[in-house]
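For reference, the chains in residue letters:
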Amino acid sequence: MTRFWVIFPLLLFIAFTAVLAARLVSHNTGYFKQSPLIGKDVPSFSLPSAIDGDENLDNNEFKGRFSAINIFASWCISCRYEHEHLMALSKIIPIYGIDWKDEKEDLKQWLDRWGNPYKKIGFDKNGEAVIALGVTGAPETFIINEEGKIIFRYPGPIDADVIKNEIMPRITTK
Amino acid sequence: MAANLGEIVLIFALLSSFLQFYAPLNKSFSGRSLILQKFSAKILLISLLTAFSCLIYSYIISDFSLANVYRNSHSFKPLLYKITGSWGNHEGSMLLFALIICGYNFFYSELGRSEEKKIILCVQGAICFGIVSYVVFTSNPFERLFPVPETGLGLNPLLQDIGLAMHPPMLYLGYGGFSLAFSFSVAGLWVKKIDKNWARDLRPWVLISWSFLTMGIGLGSWWAYRELGWGGFWFWDPVENSSLMPWLVATSLLHSLVVLEKRQEFPAWASFLAILTFCVGLVGFFLVRSGVLTSVHSFASDPYRGIFMLILLAILFGFALTLYSLRASSLKAGGNFAFVSREGGILLNNVLLLTLCGTILLGTLYPIFLEVLVGERVSVGKPYFNVIFTPVAFLLLFLGAIGPYLKWKKDDLAKLSKKRAIPLLIPLLFFIAAFAGIWWAKGGFTLYAPALGLAFWLLTAIIADISDRIKLFSTSIKKSINKLKDLPLSYYAMVFAHIGVALLAISITLLSAFEEDKELLMKAGEKTELAGYEITFLESKLGQKEDYLARTGKFSVSRNGKELAILLPESRIYIVQGSSTTEADIYYTPITDIYIVIGDKAYETREGKEGFSVRIYVRPFMNLVWLSCLIIAAGGFIALTENIKNRGKKKKK
């Protein structure tokens, strides 16, 4: 057996591990939080309110202060998981909810039971805003700066760590 | 309470696995280190058994103060699924995996033989330590929740199935045992002694793991077939691939161990395969659990788990492969052999199996590599795998009919074909008949024709060899039967495994050639026809069962005006989880399955029609697929029996 073929598996394994490590690290440093929308204005959408009698929600809301958009639904289990953290975040910045493919009755029960962290809730039965925002699944959260530009996207349920390490540094003025 | 106990014993497990690793390294233990190692292995197994029982107990009493129970269980869940739910999630299944590895470790420490037992147990200790730390530090099933929730989120409804309950334990019984192949290899390379005895001592452990893995893969695809409602049994999903890859490598390891035991040939190659088998299994685990790949099997993925696992992989296999690269050339190989010989045949078999494994790995990882290197996103699916897999599988089928009947060291193909002129003629005739038959049935040339022909070629070659060995027709029937009884068990093992492979190829070919699908909107009272079966949608009902709401469709299946069965497929909504599943109902006949899935009510369609979306699949020869998996696994168990029997004989002497 030549020397090369004996070492070959080891070399292959090193290369293999390196690629996987690269992938894992890029995953960790926010690979999956990227979005082509970052740095851009909130895309235009207009949704009726999910609570009868409230105002509509459209993309002109998000100017003049930091705010958050949270895509959620009463059928979404992980949304229940992040709910308490949204309640906390709502004390810092206004959160606008986009209620995705939901029933108004179910939503009302959900809010009555767990509390309402949202300033306004848009009712997105057909996924109009959800598609415009390029959402991959509920829950998903966007942070918008004072100029109305999207500065951060977080797919999946947020928790205290995300608020502390990702959101807070971005919304405190430098 | 149980949870506290569970956490404490996990720490015991960590300590004892470390002791098992450390004992032979410390000189002051010398002389007693094997006793110490055996003791550690015992404590390790007891600790993990206790931890696992604690987890199951927490599930039974629905202790929602555990995050794991909260996320995956619910008080309304049937008791059976409460229990099986304990390993239907990431943390629980990792604990089960650790338990099984430590189980193998214990049984090896008690029953196993080897001149290098101390080193093997030392490496095993390191593996157990790694896996148990993975459980404790990144996937602790006993993590607490505060405040304690009143109720749980429920088990993913797809997983509430008996197939799933059995599938992971089987698979892990496979992967887990391969850890011993790894340890044997490291120990053998360390002392530069990989020989006949090494192969003899390792073989039973690989056999048992391989047989379990075969059954595990079969069970997994059986579950997918019944539960996912796609009417298929193999989807080339990354998770499935990661169970098939170690199977392919282990299969070639089994073959090369035979050569090493009988002929002292390929020591370096066998040690490499032994490392690779466990490596591929753990890499599969890593790919699935780290979130590097996306798959239909959703496991909670957490990047820290990925990093931990990758470091563990790098240490174990980095060490083993470095050792391999240093020692491989100094291993002594046996005599020479000609290309046309049993050794040559097995080498070719190994190369082909590894090629299959490599192409699957490439197909599974290609999207990742492309993304890391170029930043592009693609997905590799069924077309790739079918195109790559088919020609290699054809070659395997073709050569499988020749290789096992070659003599060791050197053989002559011309001689073999002369000696076997008649037995070779039979497979050839079958090949041509099968080829022609399916050509005619499909009305033209398709790949099904050569596939069926080759599968029959393999099958009849086996039968021809048996009849040759027992001198069927050239002596009296009675003598032939006696000869049949006298054939060694190892021969039977080979025959079973190879017949299983041939049957699997036949059933998959026939299935792909003759399956039929139909998807349509149906209203109650409507009829449709597929593959000669008449299917009538009788009515649909809404009802509530244990923990879900179900819309049940009632269908009658009839043929030539005679009613064969009533099928009740369901579309379920699980109240707690808020998710929905479709529950197919299947009419099983010995040959054909009729498989109906009912979906949601659809009001608007292009034709302006309303009704339920109904999918009907006719799947011929499905049972043969499951049966062939069992036959292949049976081959492994038969070989194991022989191994144990021989061992008993030697002891008596």
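Quick caveat, the model's predicted, so the values are computed rather than measured.

Remarks on the overall build of chain B
Helix and strand counts for chain B stand at 19 helices and 10 strands. Pairs at least 24 apart in sequence give 72% of the contacts found in chain B among residues at least 6 apart. A total of about 28,300 Å² of accessible surface is found on chain B, and carbon and sulfur atoms cover 65% of it.

Side note on the overall build of chain A
When helices and strands are counted, chain A shows five helices and seven strands. When the helices and strands of chain A are placed in sequence order, the string is α-β-β-β-α-β-α-β-α-β-β-α. Computed over C-alpha atoms, the radius of gyration of chain A comes to 20 Å, more than 25% over the 16 Å expected from 2.2 N^0.38 for 174 residues, which places it beyond the range of a compact globule. Referenced to the eigenvectors of the C-alpha coordinate spread, the extents of chain A come out at roughly 80 × 40 × 30 Å. Each of the 174 residues in chain A was classed as buried or not, and the buried ones make up 49%. In chain A, of all internal contacts separated by at least 6 residues, the share reaching a separation of at least 24 is 73%.

Brief notes about the nonpolar core
Residue and element names in this part refer to chain B. Leu 48, Phe 97, Phe 182, Trp 198, Phe 278 and Phe 317 are the most contacted members of the largest nonpolar core, which totals 137 residues. Per element, the largest residue contribution to this core is 14 residues, and it comes from helix H10 (residues 267–289). Each of domain 1 (1–160) and domain 3 (516–625) gives at least three residues to this core. Residues Phe 394, Ala 449, Leu 452 and Val 495 belong to the second largest nonpolar core, which totals 31 residues.

A look at the domain arrangement of chain B
Split into domains, chain B comes out as domain 1 (1–160), domain 2 (396–514) and domain 3 (516–625). For domain 1 of chain B and domain 2 of chain B, the distance between their C-alpha centroids amounts to 46 Å.

As for the pattern of salt bridges
Residue and element names in this part refer to chain A. Applying the stated criterion across every chain yields a total of 18 salt bridges over all chains. With a shortest N-O distance of 3.4 Å, Glu 55 and Lys 120 are connected by a salt bridge. Taken together, the positions of Glu 55 in the loop between strand E1 (46–47) and strand E2 (57–58) and Lys 120 in strand E5 (residues 118–124) put the pair 65 residues apart, joining distant regions of the chain. Of the charged contacts in the structure, one is a salt bridge between Glu 61 and Lys 120, with a shortest N-O distance of 2.1 Å. Of this pair, Glu 61 sits in the loop between E2 and strand E3 (67–72) while Lys 120 sits in strand E5, and the two are 59 residues apart along the sequence. The burial state of Glu 61 is the same as that of Lys 120; both residues are buried. If you follow the salt bridges from partner to partner, you end up with Glu 55, Glu 61 and Lys 120 in one network.

Quick notes on the packing of aromatic side chains
Residues and elements named next belong to chain B. The full count for this structure, using the stated rule, is 40 aromatic pairs over all chains. Judged by centre distance (5.9 Å) and plane angle (50°), the rings of Phe 435 and Trp 439 are tilted. You can see Phe 435 and its partner Trp 439 sitting in helix H15 (residues 421–442), four residues apart, about one turn around the helix. Taken together, Tyr 225, Phe 233, Tyr 595, Tyr 617 and Trp 626 form an aromatic cluster joined through their ring pairs.

Points about a nonpolar patch on the surface
All names here are of chain A. Taken together, Phe 4, Trp 5, Leu 11 and Ile 14 make up a surface patch of nonpolar side chains, about 440 Å² in accessible area. If you trace the backbone, Phe 4 turns up in helix H1 (residues 3–28). A relative accessible area of 45% places Phe 4 in the partly exposed class.

Concerning the sheet that holds strand E7 (residues 150–155) of chain A
Strands belonging to one sheet form pairs held by backbone hydrogen bonds; the direction of such a pair is parallel or antiparallel. Residues and elements named next belong to chain A. Read from one edge of the open sheet, five strands run E5-E4-E3-E6-E7, paired in mixed fashion. Single-partner strands in this sheet number two, and they are E5 and E7. Each strand of the sheet is rotated relative to its neighbour by a mean of 20°, with strand direction disregarded. Sheet contacts for helix H3 (residues 104–114): E3, strand E4 (95–100) and E5; angle to E5, the most-contacted strand, approximately 160°.

So, the pairing of strand E4 (residues 548–559) of chain B
Residues and elements named next belong to chain B. For strand E3 (residues 533–545) and E4, the ladder comprises 11 bridges, and the chain directions are antiparallel. Its bridge partner lying in E4, Lys 541 is registered against Thr 552. In this structure, E4 lies alongside strand E5 (residues 562–567), joined through five bridges in antiparallel fashion. Note that in E5 the partner of Arg 559 across the bridge is Lys 562. Between E4 and E5, which pair antiparallel one after the other, the connecting turn spans two residues, and Asn 560 there sits at a positive phi close to 50°.

Quick word on helix H8 (residues 196–227) of chain B
Residues and elements named next belong to chain B. In this model, H8 (32 residues) spans 46 Å end to end at C-alpha, consistent with the 46 Å of a helix rising 1.5 Å per residue. With 26 of 32 residues buried, H8 is to be regarded as a mostly interior element. Immediately beyond the C-terminal end of H8, within one or two residues, lies Gly 229, with a positive phi of roughly 70°.

Focus: the state of the cysteines
Residue and element names in this part refer to chain B. Taken as a whole, this structure holds zero disulfides over all chains when the rule is applied. Cysteine Cys 128 shares no disulfide, and the gap to the nearest cysteine sulfur, in Cys 102, comes to 3.8 Å. Among the cysteines around Cys 279, which has no disulfide bond, Cys 357 carries the closest sulfur, lying 9.8 Å off.

Section: the confidence of the model for chain A
Model confidence for chain A is summarised by a mean pLDDT of 82, while 90% of its residues fall at 70 or above. For chain A, the element scoring lowest by mean pLDDT is H1(A), at 79; E3(A) scores highest, at 92.

Topic: unusual backbone geometry
Residue and element names in this part refer to chain B. Positive phi, close to 55°, is recorded for Lys 192, a residue that is not glycine. Relative to the helices and strands, Lys 192 is located in the loop between helix H7 (162–190) and H8. For Lys 192, a relative accessible area of 46% corresponds to the partly exposed category.

So, the environment of B:Ile631
All names here are of chain B. Checked against the element boundaries, Ile 631 lands in helix H19 (residues 622–652). Each C-alpha atom of the pair Ile 631 and Gly 500 lies 5.0 Å from the other, and the pair is 131 residues apart in sequence. With residues up to four places along the chain from it excluded, the contact list for Ile 631 reads Phe 496, Ala 497, Gly 500 and Leu 503.

Regarding the side chain of A:Thr141
Residue and element names in this part refer to chain A. Assignment of secondary structure puts Thr 141 in strand E6 (residues 140–144). At a separation of 3.1 Å, a polar atom in the side chain of Thr 141 contacts the side chain of Asn 70. Those residues in contact with Thr 141 that sit more than four places away from it in its chain are Ile 69, Asn 70, Glu 82, Phe 152, Arg 153, Tyr 154 and Ile 158.

What to know about the packing of H7(B) against helix H9 (residues 238–263) of chain B
All names here are of chain B. Orientation of H7 relative to H9, taken along the N-to-C sense of each, is 45°, at an axis distance of 11 Å. Compared by their axis directions, H7 and H9 come out oblique. Considering only the axes of H7 and H9, their crossing is left-handed. Contacts between H7 and H9 involve Leu 171, Tyr 175, Phe 178 and Ala 181 on the former and, on the latter, Ser 242, Ser 243, Pro 246, Ala 250 and Leu 253. Of the residues contributing to the contact of H7 with H9, the split by class is seven nonpolar, two polar and no charged.

Side note on the confidence of the model for chain B
Residues and elements named next belong to chain B. Predicted confidence across chain B gives a mean pLDDT of 84, with 90% of residues reaching 70 or more. For residues 295–300, every residue scores under 50 in pLDDT, and the model assigns this stretch 14 contacts once sequence neighbours within four places are set aside. Predicted complex metrics record ipTM = 0.75 and pTM = 0.80.

Focus: the environment of B:Gly218
Residues and elements named next belong to chain B. Its place among the elements puts Gly 218 in helix H8. Overall, Gly 218 belongs to the buried group, its relative accessible area being 9%. For the pair Gly 218 and Ala 633, spaced 415 residues apart in sequence, the C-alpha to C-alpha distance is 9.6 Å. Gly 218 has contacts with Trp 626 and Cys 629, leaving out every residue within four places of it along the chain.

Cut-off values and rules
- Residues numbered from 1 in each chain as written.
- Chains lettered and ligands numbered in written order.
- Predicted model: local features only at pLDDT ≥ 70, side-chain atom pairs only at ≥ 80, totals over all residues.
- Heavy atoms only, no water.
- Helix = DSSP H or I, 4+ residues; strand = E, 2+ residues; numbered from the N terminus.
- Contact = heavy atoms within 4.5 Å.
- Areas by Shrake-Rupley, 256 points an atom, 1.4 Å probe, with all protein chains shown as cover.
- Rg over C-alpha atoms; globule rule 2.2 N^0.38 Å.
- Buried < 20%, exposed > 50% of the residue type's maximum accessible area, 1.4 Å probe, protein only.
- Core = buried A, V, L, I, M, F, W, Y, C linked by side-chain atoms within 4.5 Å.
- Domains from an automatic or database assignment.
- Salt bridge = Lys/Arg side-chain N within 4 Å of Asp/Glu carboxyl O.
- Phe/Tyr/Trp six-rings, centres within 6.5 Å; stacked < 30°, edge-to-face > 60°.
- Patch = residues over 30% accessible without salt bridge, like charges linked within 9 Å, V, L, I, M, F, W, Y side chains within 5 Å.
- Pairing = 2+ DSSP bridges.
- Axes fitted to C-alpha atoms, helices over the stretch in contact; angles between N-to-C directions.
- Expected span 1.5 Å × (residues − 1).
- Disulfide = S-S within 2.5 Å.
- pLDDT = per-residue confidence, 0-100.
- Polar contact = N/O pair within 3.5 Å; in protein donor to acceptor, adjacent residues only side chain to side chain.
- Parallel < 35°, antiparallel > 145°, perpendicular 65-115°, else oblique.
- Left-handed = near helix turned anticlockwise from the far one by under 90°.
- Nonpolar A, V, L, I, M, F, W, Y, C, P; charged D, E, K, R; others polar.

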